[in-house]
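Breakdown of the fold
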Amino acid sequence: MHYQLILLDNRIDSRDVRHAAPAVLPIFRSKLQGEILALILINPARSWTIDELARRTGHPYQTVATEVRRLQEADILRARTIGRTKLLTANESSPYVGPLTDLVMTAFGPPLVIGEEFETIAGIEQLFIYGSWAARDAGEPGPAPNDIDLLVIGHPDRDAIYEAAKATQHRIAREVNTTIRTPEQWAASIPRR
């Protein structure tokens, strides 16, 4: 079976709202918990509201608020209030945050980092993660993926794609393999029924 994680609008594709441990790294309570940690820990200078986290993960506000509360109780996240807005950041004084950030980057960071590194490249119409990493992300058990496979559809500058892949590879400490196809090549490769 083939799996792919579709990266559009830098939103993490999370179809299963159940609280099953994620196959990509089953030490976390849920995939949502890993996604929230990734968003907050990977960009420590940024503050997040629960609304932003809910929008970005595609989960209901209350579900995200519950996970955030648990992470605050564990002293992983800090909250400060400005007016009626609660802003969340990593608690960088926690001895757990550094090692946890490394784990979260490896397990949940690839879509975020890929989104950041590829978002400014003109000519990309679609960007997919496929292969073993996408299979783990979709919940299929198996060994930890050694690399990330990307499919780029469009007419981007190839050098820009390879530079973004190199930067991604450096940040996530995994090989990034890119395949570039024009929309015409992609359409021709899809079997007709």
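Our subject is the structure listed above.
Here's what I pulled together on the structure shown here. (Residues numbered from 1 in each chain as written. Predicted model: local features only at pLDDT ≥ 70, side-chain atom pairs only at ≥ 80, totals over all residues. Heavy atoms only, no water.)

**Topic: the overall build of the chain**
From N to C terminus, the chain includes seven helices and six strands. Of the regular secondary structure in the chain, the N- to C-terminal order runs β-α-α-α-β-β-α-β-α-β-α-β-α. Partitioning the intrachain contacts of the chain with sequence separation of at least 6 by distance along the chain shows that 65% fall at a separation of at least 24. Here the chain displays about 10,600 Å² of accessible surface, and carbon together with sulfur accounts for 50% of that area. (Helix = DSSP H or I, 4+ residues; strand = E, 2+ residues; numbered from the N terminus. Contact = heavy atoms within 4.5 Å. Areas by Shrake-Rupley, 256 points an atom, 1.4 Å probe, with all protein chains shown as cover.)

**With respect to the packing of helix α1 (residues 31-42) against helix α4 (residues 97-118)**
Where α1 meets α4, the axes come as close as 8 Å, and the angle between the chain directions of the two elements is 105 degrees. In terms of orientation, α1 lies roughly perpendicular with respect to α4. Residues Lys-31, Gly-34, Glu-35, Leu-37, Ala-38, Leu-39, Leu-41 and Ile-42 of α1 form the contact with α4, whose own contacting residues are Val-97, Leu-100, Thr-101, Val-104, Met-105, Phe-108, Gly-109 and Leu-112. (Axes fitted to C-alpha atoms, helices over the stretch in contact; angles between N-to-C directions. Parallel < 35°, antiparallel > 145°, perpendicular 65-115°, else oblique.)

**Some points on the pairing of strand β2 (residues 77-82)**
Pairing between β2 and strand β3 (residues 85-90): six bridges, direction antiparallel. Looking across to β3, one finds that Arg-78 is bridged to Thr-89. (Pairing = 2+ DSSP bridges.)

**Side note on the pattern of salt bridges**
By the definition in use, this model includes seven salt bridges. With its nearest N and O atoms 3.4 Å apart, the salt bridge here joins Arg-46 to Glu-52. With relative accessibility at 34%, the residue Arg-46 sits in the partly exposed group. Since its relative accessible area comes to 25%, Glu-52 is described here as partly exposed. Measuring nitrogen to oxygen at the nearest pair gives 3.2 Å for the salt bridge that ties Arg-136 to Glu-140. With a relative accessible area of 6%, Arg-136 lands in the buried category. Classification of Glu-140 as partly exposed rests on a relative accessible area of 28%. (Salt bridge = Lys/Arg side-chain N within 4 Å of Asp/Glu carboxyl O. Buried < 20%, exposed > 50% of the residue type's maximum accessible area, 1.4 Å probe, protein only.)

**Digging into the environment of Thr-182**
Residue position: Thr-182 is located in the loop between β6 (175-181) and α7 (183-189). A residue is classified by how much of its surface remains accessible, and Thr-182, at 21% relative accessible area, is partly exposed. A C-alpha to C-alpha distance of 9.3 Å links Thr-182 and Ile-124, two positions 58 residues apart in sequence. Ignoring sequence-local partners within four residues, the contact set of Thr-182 consists of Ile-153, Gly-154 and His-155.

**Describing the packing of α1 against helix α2 (residues 50-57)**
In contact at an axis separation of 11 Å, α1 and α2 are set at 120 degrees when each is read in the N-to-C sense. Here α1 lies oblique to α2, going by the angle between them. In this structure, the crossing between α1 and α2 has a hand that is right-handed. Contacts from Leu-32, Glu-35, Ile-36, Leu-39 and Ile-40 in α1 reach Leu-53, Arg-56 and Thr-57 in α2. Grouping the constituent residues of the contact of α1 with α2 by class yields five nonpolar, one polar and two charged. (Left-handed = near helix turned anticlockwise from the far one by under 90°. Nonpolar A, V, L, I, M, F, W, Y, C, P; charged D, E, K, R; others polar.)

**Focus on helix α6 (residues 158-172)**
Taking 1.5 Å per residue as the helical rise, α6 with its 15 residues ought to reach 21 Å, and the 21 Å between its terminal C-alpha atoms agrees with that figure. When we look at burial in α6, the residues that qualify are Ile-161, Ala-164, Ala-165, Thr-168 and Ile-172. Buried residues of α6, viewed axially, fall in a sector of 100 degrees; they line one side. Counted as exposed and oriented over 90 degrees from the buried face of α6: Asp-159, Glu-163, Lys-166 and His-170. Buried-residue contacts for α6 involve α4, β4 (124-130), β5 (147-154) and β6. One side-chain oxygen at the N-terminal end of α6 lies 2.9 Å from the backbone nitrogen of Asp-159; it belongs to Asp-157. Just downstream of α6, Ala-173 is the residue with a positive phi angle, here 55 degrees. (Expected span 1.5 Å × (residues − 1). Arc of directions from axis to C-beta. Polar contact = N/O pair within 3.5 Å; in protein donor to acceptor, adjacent residues only side chain to side chain.)

**Notes on the packing of aromatic side chains**
One pass over the structure, following the stated rule, counts one aromatic pair. The lysine or arginine in question, Arg-46, covers the ring of Trp-48, its NZ or CZ lying 3.6 Å from the ring centre. (Phe/Tyr/Trp six-rings, centres within 6.5 Å; stacked < 30°, edge-to-face > 60°. Lys NZ or Arg CZ within 6 Å of the ring centre and 35° of its normal.)

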